[in-house]
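Here is how the chains run, residue by residue.
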Amino acid sequence: FFVSFGTSDEKLFRDEIINYFPSPYVVSLFKGSDELQKLLKDKICLKNIAKRKELSIDRVAKREFDDLVLETNKRLNEIFSNIYNYPQSLSWYFENKQLDVKSKMSLQKSLSAVLDNIYPKMPVFNNEIINKNYLSSQGTAARNSLMRMMLNNETIEDLGIEKSPPEKSIYNVLLKDKGIHSNKNKLKFSQPSEKLTKFVWDKIDIYFKEMAEKPDTILNLITQLMSPPFGLKAGVLPILIFAYYLS
């Protein structure tokens, strides 16, 4: 967001700033107060003072300095937290068009509409273990285990996963529920039945068919699938690509 102090800043925002942030960015104009301007100046000054050696010598000055930093940051946090609590106090823009934001709920609806516009082919994978760019050690272990079972147990129901380990929930969300591996497909990997996941599958299919004529690195496919209109997280991609390969 852009903080303005006066009409000249607002004109700069509308004439130039919003053009620097094309889709997929949402930008907002926050009209700053005299208090905010003073606090921001104080924060910059305090940052410079923190480098002074005298603070390490004078304990009283150091304590007073730390109290001032704490109070300045506290007040700034209070002001900026109102952006979330009262988003209607800002002007919100997407692709040079102002969004109709009258409450916190209307902002959420507007942002959902923006995301639908940017990622119209993004399937929903409700699994916090795998649906992220950087997996935890547990997530990595579960993905590796699932992929081993995909390789060895394709014709076994639920890939032979017993009880409810993390890989079972990943399997259900990414493969079973999307129709990539289910009884309907005679327990083999095949194209998904769910529409949005099929968009991803078709993209993978096109990529490998084109790669037969023009060699390419798999990293380009991953980059494309993480970008609009798909917007997938890196954690799910090895499983989806591997399922396509096994099909």
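My aim in this report is to walk through the structure given alongside it, one point at a time. (Residues numbered from 1 in each chain as written. Predicted model: local features only at pLDDT ≥ 70, side-chain atom pairs only at ≥ 80, totals over all residues. Heavy atoms only, no water.)

Examining the packing of aromatic side chains
Logical step 1: For the structure shown, the criterion picks out ten aromatic pairs.
Logical step 2: Measuring from ring centre to ring centre gives 5.5 Å for tyrosine 207 and phenylalanine 208, while their planes differ by 85 degrees; the resulting arrangement is edge-to-face.
Logical step 3: Residue classification places tyrosine 207 among the buried positions, given a relative accessible area of 5%.
Logical step 4: On the accessibility criterion, phenylalanine 208 (26% relative accessible area) is partly exposed.
Logical step 5: The positively charged end of lysine 121 is found above the aromatic ring belonging to phenylalanine 199, 5.0 Å away from the centroid. (Phe/Tyr/Trp six-rings, centres within 6.5 Å; stacked < 30°, edge-to-face > 60°. Buried < 20%, exposed > 50% of the residue type's maximum accessible area, 1.4 Å probe, protein only. Lys NZ or Arg CZ within 6 Å of the ring centre and 35° of its normal.)

Observations concerning the packing of helix H7 (residues 195-211) against helix H8 (residues 218-226)
Logical step 1: The interhelical angle for the contact between H7 and H8, taken along N-to-C directions, is 155 degrees, at an axis separation of 11 Å. The angle between H7 and H8 places the two elements in the roughly antiparallel class. Where H7 crosses over H8, the two elements pack in a sense that is right-handed. Side by side, H7 and H8 meet where Val200, Lys203, Ile204, Tyr207 and Phe208 of the first sit next to Ile218, Asn220, Leu221, Gln224 and Leu225 of the second.
Logical step 2: Tallied by class, the residues present in the contact of H7 with H8 amount to seven nonpolar, two polar and one charged. (Axes fitted to C-alpha atoms, helices over the stretch in contact; angles between N-to-C directions. Helix = DSSP H or I, 4+ residues; strand = E, 2+ residues; numbered from the N terminus. Parallel < 35°, antiparallel > 145°, perpendicular 65-115°, else oblique. Left-handed = near helix turned anticlockwise from the far one by under 90°. Contact = heavy atoms within 4.5 Å. Nonpolar A, V, L, I, M, F, W, Y, C, P; charged D, E, K, R; others polar.)

Re the environment of tyrosine 119
Logical step 1: Position of tyrosine 119 among the secondary structure elements: in the loop between helix H4 (104-118) and helix H5 (137-152).
Logical step 2: Distance in space between the C-alpha atoms of tyrosine 119 and serine 227 is 8.3 Å, their sequence separation being 108 residues.
Logical step 3: Ignoring any residue separated from it by four or fewer positions in sequence, one finds tyrosine 119 in contact with Ser227, Pro228, Pro229, Phe230 and Gly231.

What about H4?
Logical step 1: The terminal C-alpha atoms of H4, which comprises 15 residues, lie 21 Å apart, in line with the 21 Å expected from a rise of 1.5 Å per residue.
Logical step 2: Three or more residues of H4 are buried, namely Ser106, Leu107, Ser110, Val114 and Ile118. With its buried residues spanning 115 degrees around the axis, H4 presents them on a single face. Exposed side chains of H4 directed beyond 90 degrees from the buried face belong to Met105, Lys109 and Asp116.
Logical step 3: Next to the buried residues of H4 lie strand E2 (26-31) and strand E3 (91-94). (Expected span 1.5 Å × (residues − 1). Arc of directions from axis to C-beta.)

Quick look at the sheet that holds E2
Logical step 1: The sheet built from four strands is open, its strands ordered E1-E2-E3-E4 with mixed pairing. Pairing within the sheet leaves two strands with one partner each, and these edge strands are strand E1 (2-4) and strand E4 (97-98).
Logical step 2: Across three bridges, E1 lies against E2 in parallel orientation. Following the sheet pairing, valine 3 is matched in E2 by phenylalanine 30. (Pairing = 2+ DSSP bridges.)

Quick word on the pairing of E2
Logical step 1: Crossover E1 to E2 through helix H1 (residues 7-15) is right-handed.
Logical step 2: Where E2 and E3 come together, four bridges link them in antiparallel fashion. Residue pairing for E3: valine 26 is matched across the bridge by phenylalanine 94. (Right-handed = clockwise from strand over helix to strand, strands pointing away.)

Digging into the nonpolar core
Logical step 1: Core analysis: the biggest nonpolar cluster contains 31 residues, and Met150, Leu174, Leu175, Leu232 and Ile239 have the highest contact counts within it.
Logical step 2: Elements with a contribution of two residues or more to this core: H5, helix H6 (166-176), H7, H8 and helix H9 (237-246).
Logical step 3: In contact with isoleucine 239, other than residues within four places in its own chain, are Ile130, Arg143, Leu146, Met147, Met150, Ile170, Leu174 and Leu175.
Logical step 4: Grouped together as the second largest cluster of nonpolar side chains are 15 residues, Val3, Leu36, Leu90 and Phe94 included. (Core = buried A, V, L, I, M, F, W, Y, C linked by side-chain atoms within 4.5 Å.)

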